[in-house]
Amino acid sequence: AATVLRVALGLGLTPGLLGADSETLLAIVERTNVWIIAVWTVMQAFAAAKAAPLGYGTVVLSDAAPCAGPRVTALGGMTTPVLSYVVAAFYLGTLFVTAAIGVYQGYLPVVPGQIWFISQMWTTVPGNWISRWGVVQSAHWAAWVQVSLYVTALGRAGGDAAAQAKAKKLLATTLVALFGISVVGICNMDENITVHCLGAYAFFIGYDVYMYEVVESHEQQQKAVGSGAATLVVARRWVAWGSIIGQLASKAFYVLASTQHGAARAIARNFSAGIEWIDTLLIIAFFLFDVQVQQTTMTDIVHGVYVAHDEDDNVGYAPLTDGSSGSEKWSVRRNQL
């Protein structure tokens, strides 16, 4: 109905009696349509839940991490290492696709001969269209990866209350940081510079804190994951410190640029923007290293659809996995946070 009304408005076919209220009517129809779809979707979800106790979440396939709650059978999903690659693809894809489109369409570079800041790619169509989808997808799936890292940290902590508290603090920190980057993606600097900057600060500062806290205890973690990951632990540490120092340097050059004029200002801004790009790439490198350090444990955690068992521990719903791969492996417990 909203589409038909929009076409009628465009062709001038709307009855004259509507007059100036035509757009108001269209807005009412569109919003009603959205609410109908939303309510219908929720009703479908509840109807499906009656047929089978389906859910989506983080499923632990072994006793590598502590779990609570009913046993479930995973119907399908992605392991944490695979999901980390998906996040990297969204992250890098959004960056380089929006950069390429901006250069092709001519709105990048913003100032000829100067490196542009990442946020400047997302102020113009279609860059801001892509960022509103790609950045939010990256943040969403990255949050699930961080939940896996949290579950694994609980497994390492055992009964150590201090280690458990630290794991919870790190999870909260990364979730705030990821919420911040999602804000950066959906609210560009031309729309609301204050909200945009708050999101950026939440992401960069929050993730820097997380990286520091992780590498600060790298020796203990190296012992926990085994000598096979020693090289990755060292690489993760260097990448983390490179990102943290880069973030400080980028902001320092940005402040310096505000006090300069002419060529000196342009050089300082180029350094600030260039280092920001390097810092951003180091963050995704750290993200991947963080998962790879714990590769063995991470492959035992799946993010996907599951079906809960009944009181007699019966599934009552056919798993979608290949039975030849060992169905017993998929009969696991759901981690409840």
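Procedures and definitions
- Residues numbered from 1 in each chain as written.
- Predicted model: local features only at pLDDT ≥ 70, side-chain atom pairs only at ≥ 80, totals over all residues.
- Heavy atoms only, no water.
- Axes fitted to C-alpha atoms, helices over the stretch in contact; angles between N-to-C directions.
- Helix = DSSP H or I, 4+ residues; strand = E, 2+ residues; numbered from the N terminus.
- Parallel < 35°, antiparallel > 145°, perpendicular 65-115°, else oblique.
- Contact = heavy atoms within 4.5 Å.
- Nonpolar A, V, L, I, M, F, W, Y, C, P; charged D, E, K, R; others polar.
- Buried < 20%, exposed > 50% of the residue type's maximum accessible area, 1.4 Å probe, protein only.
- Polar contact = N/O pair within 3.5 Å; in protein donor to acceptor, adjacent residues only side chain to side chain.
- Pairing = 2+ DSSP bridges.
- pLDDT = per-residue confidence, 0-100.
- Disulfide = S-S within 2.5 Å.
- Patch = residues over 30% accessible without salt bridge, like charges linked within 9 Å, V, L, I, M, F, W, Y side chains within 5 Å.
- Areas by Shrake-Rupley, 256 points an atom, 1.4 Å probe, with all protein chains shown as cover.
- Salt bridge = Lys/Arg side-chain N within 4 Å of Asp/Glu carboxyl O.

J.: Help me out: how do you make sense of the packing of helix α3 (residues 80-105) against helix α9 (residues 262-293) in this one?
T.: When two helices pack together, their arrangement is given by the angle between the helix axes and by the axis-to-axis distance. Contact geometry for α3 and α9: axes closest at 9 Å, N-to-C directions at 170°. With respect to their mutual orientation, α3 and α9 come out roughly antiparallel. Residues T80, P81, S84, Y85, V87, A88, Y91, L92, L95, F96 and A99 of α3 form the contact with α9, whose participating residues are W277, T280, L281, I283, I284, F287, L288, V291 and Q292. Tallied by class, the residues present in the contact of α3 with α9 amount to 16 nonpolar, four polar and no charged.

J.: Before we go on, may I ask you to explain the side chain of T98 in this structure?
T.: Summarising the element assignment, T98 is placed in helix α3. Given the relative accessible area of 0%, T98 is considered buried. At 2.5 Å, the side chain of T98 forms a polar contact with the backbone oxygen of T94. One polar contact links the side chain of T98 to the main-chain carbonyl oxygen of L95, over a distance of 3.0 Å. If we skip the residues at most four places from it in the chain, T98 touches G93, Y107, L108, M121, W122, G127 and I130.

J.: Looking at this structure, I do not really get the pairing of strand β1 (residues 54-60). What am I missing?
T.: Moving residue by residue along a regular strand, the side chains alternate between the two faces of the sheet. Taken across its seven residues, β1 has five buried, putting it largely inside the fold. Relative to strand β3 (residues 301-308), β1 is paired through seven bridges, and the arrangement is antiparallel. Within β3, the residue paired with V60 across the bridge is I301.

J.: How should the confidence of the model for the protein be read in this particular structure?
T.: Detailed reading of the predicted coordinates is not advisable wherever pLDDT is low. For the protein, the mean per-residue pLDDT works out to 82, and 77% of the residues sit at or above 70. The weakest mean pLDDT in the protein belongs to strand β4 (residues 331-334) at 43; the strongest belongs to α3 at 96.

J.: Looking at this structure, I do not really get the state of the cysteines. What am I missing?
T.: Chemically, a disulfide is nothing more than a covalent bond linking the sulfur atoms of two cysteines. Evaluated as defined, the whole model comprises zero disulfides. The thiol sulfur of C187 is not disulfide-bonded, and the nearest other cysteine sulfur, from C197, lies at 9.6 Å. Classification of C187 by relative accessible area gives buried; the value is 13%. We classify C197 as partly exposed; its relative accessible area is 26%.

J.: Whenever I open this one, a nonpolar patch on the surface confuses me. Can you help?
T.: Together, W35, V39 and M43 line one region of the surface with nonpolar side chains, adding up to about 380 Å² of accessible area. Summarising the element assignment, W35 is placed in helix α2 (residues 22-51). Taking the relative accessible area as the measure of exposure, W35 reaches 62% and is therefore exposed.

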